[in-house]
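Reading the structure
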Amino acid sequence: LTTVGFSPHEIEILDRLSNQASNVIQNVRTHDLISTHAYTDSLTALPNRRSFDWESQKTLDQAQRYNRQFTIAMLDLDGFKRINDTYGHAVGDDSLRIVAHCMKNAIRKSDFLARFGGDEFVILFPETTKELANQVLENLLERVDKCLIPIEQEHFESLTVSYGIASFPVDASDIKTLINLADQHLYSQKQQVKHPY
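On to the confidence of the model for the chain. Looking at the chain, the pLDDT average stands at 89 and 90% of residues meet or exceed 70. Ranking the helices and strands of the chain by mean pLDDT puts strand β3 (residues 120–126) first, with 98, and helix α1 (residues 8–39) last, with 72.

Below, the structure written as structure tokens:
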């Protein structure tokens, strides 16, 4: 096979270059895929804890630089253990996916919802007071309450959510303390309401 305008040596060089370019493109695609998996919860498709850590640090840096506030909410599904124990882990996984989708649709575009682990979720509310965060969360509770989890034909379950919040700079000036405070408020709320775990 002869190619007009290129010598065999030039064709060999072009062939090598195209193979290298193909390898680079494949490596970039693989890197993007690994990055997506590293920062996304595989079950719910929400950002994961690592992603939240990165986003919350970015929000903290901006809040400190521009003298802004933000709020963090820790959320926990009430009755999730009962669903898991009664219907099995497959239904439990479906419950997490469905509730995560309901929560995602109940928050604002600027809010950052992530799965923290198990049946715990966390929301970062940039430039948001506790009062405003509470309003968004009350809307979220209503949405989740109406979320139906299919168990079998014409049999549905639903879950509720408990939450606790803490704000920067009112309650604390670092992410770890804010999360701990929000978690303590969450635990207190669950004790007062006495939801089944």
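Turning our attention to the state of the cysteines. This structure, assessed with the given rule, holds one disulfide. Here Cys 102 is linked by a disulfide to Cys 147, with a sulfur-sulfur distance of 1.4 Å. As the torsion about the S-S bond is roughly -40 degrees, the Cys 102-Cys 147 disulfide counts as left-handed. Taken together, the positions of Cys 102 in helix α4 (residues 89–106) and Cys 147 in the loop between α5 (130–145) and β4 (149–152) put the pair 45 residues apart, joining distant regions of the chain.

Here the focus is the pairing of β4. Summarising the sheet, β4 and strand β5 (residues 155–157) pair through three bridges and their orientation is antiparallel. By the bridge assignment, Glu 152 is partnered in β5 with His 155. Connecting β4 to the antiparallel partner β5 that follows it, the hairpin turn spans two residues, and Glu 154 within it adopts a positive phi of roughly 60 degrees.

Attention now moves to the environment of Leu 43. Tracing the backbone shows Leu 43 in the loop between α1 and α2 (49–66). Relative accessible area serves as the criterion here: at 18%, Leu 43 is assigned to the buried category. The spatial distance from the C-alpha of Leu 43 to the C-alpha of Leu 96 is 7.9 Å, given a sequence separation of 53 residues. Excluding residues within four positions of it along the chain, Leu 43 makes contact with Asp 93, Leu 96, Arg 97 and Arg 115.

As a further point, take a nonpolar patch on the surface. Residues Phe 6, Ile 11, Ile 13, Leu 14 and Leu 17 make up a contiguous nonpolar surface patch of about 410 Å² in total accessible area. Note on placement: Leu 17 falls in helix α1. Assessed through its relative accessible area of 49%, Leu 17 is described here as partly exposed.

Each full turn of the α-helix corresponds to 3.6 residues, which orients residues three or four apart in the same direction. Within helix α3 (residues 80–87), burial applies to Phe 80, Ile 83 and Asn 84. Down the axis of α3, the buried set is contained in an arc of 95 degrees. They therefore lie on one face. Just downstream of α3 lies Gly 88, where phi reads positive at about 100 degrees.

Quick look at α2 now. A rise of 1.5 Å per residue sets the reference length of α2, with its 18 residues, at 26 Å; its end C-alpha atoms lie 25 Å apart and thus fit the reference within 8%. Among the residues making up α2, those that are buried are Ser 51, Phe 52, Glu 55, Ser 56, Thr 59, Leu 60 and Ala 63. The arc that holds every buried residue of α2, seen down its axis, measures 160 degrees, which confines them to one face. Of the exposed residues in α2, the ones pointing more than 90 degrees away from its buried face are Trp 54 and Arg 65. Where α2 begins, the capping side chain belongs to Asn 48, and its oxygen is found 3.2 Å from the backbone nitrogen of Arg 50.

Let us now look at the sheet that holds β3. Read from one edge of the open sheet, four strands run β2-β3-β1-β6, paired in antiparallel fashion. This sheet does not close on itself; its edge strands, each paired only once, are β2 (112–117) and β6 (160–168). Between one strand and the next, the sheet's axes are offset by a mean angle of 25 degrees, whatever the strand orientation. Bridge count for β2 against β3 is five bridges, and the pairing is antiparallel. In the strand pairing of β3, Gly 117 is matched with Glu 120. Running over the sheet, α2 touches β1 (70–78), β2, β3 and β6 and is turned about 135 degrees from β2. Lying on the sheet, α5 is in contact with β1, β3 and β6; it crosses β6 at an angle near 165 degrees.

Criteria and thresholds
- Residues numbered from 1 in each chain as written.
- Predicted model: local features only at pLDDT ≥ 70, side-chain atom pairs only at ≥ 80, totals over all residues.
- Heavy atoms only, no water.
- pLDDT = per-residue confidence, 0-100.
- Helix = DSSP H or I, 4+ residues; strand = E, 2+ residues; numbered from the N terminus.
- Disulfide = S-S within 2.5 Å.
- Pairing = 2+ DSSP bridges.
- Buried < 20%, exposed > 50% of the residue type's maximum accessible area, 1.4 Å probe, protein only.
- Contact = heavy atoms within 4.5 Å.
- Patch = residues over 30% accessible without salt bridge, like charges linked within 9 Å, V, L, I, M, F, W, Y side chains within 5 Å.
- Areas by Shrake-Rupley, 256 points an atom, 1.4 Å probe, with all protein chains shown as cover.
- Salt bridge = Lys/Arg side-chain N within 4 Å of Asp/Glu carboxyl O.
- Arc of directions from axis to C-beta.
- Expected span 1.5 Å × (residues − 1).
- Polar contact = N/O pair within 3.5 Å; in protein donor to acceptor, adjacent residues only side chain to side chain.
- Axes fitted to C-alpha atoms, helices over the stretch in contact; angles between N-to-C directions.

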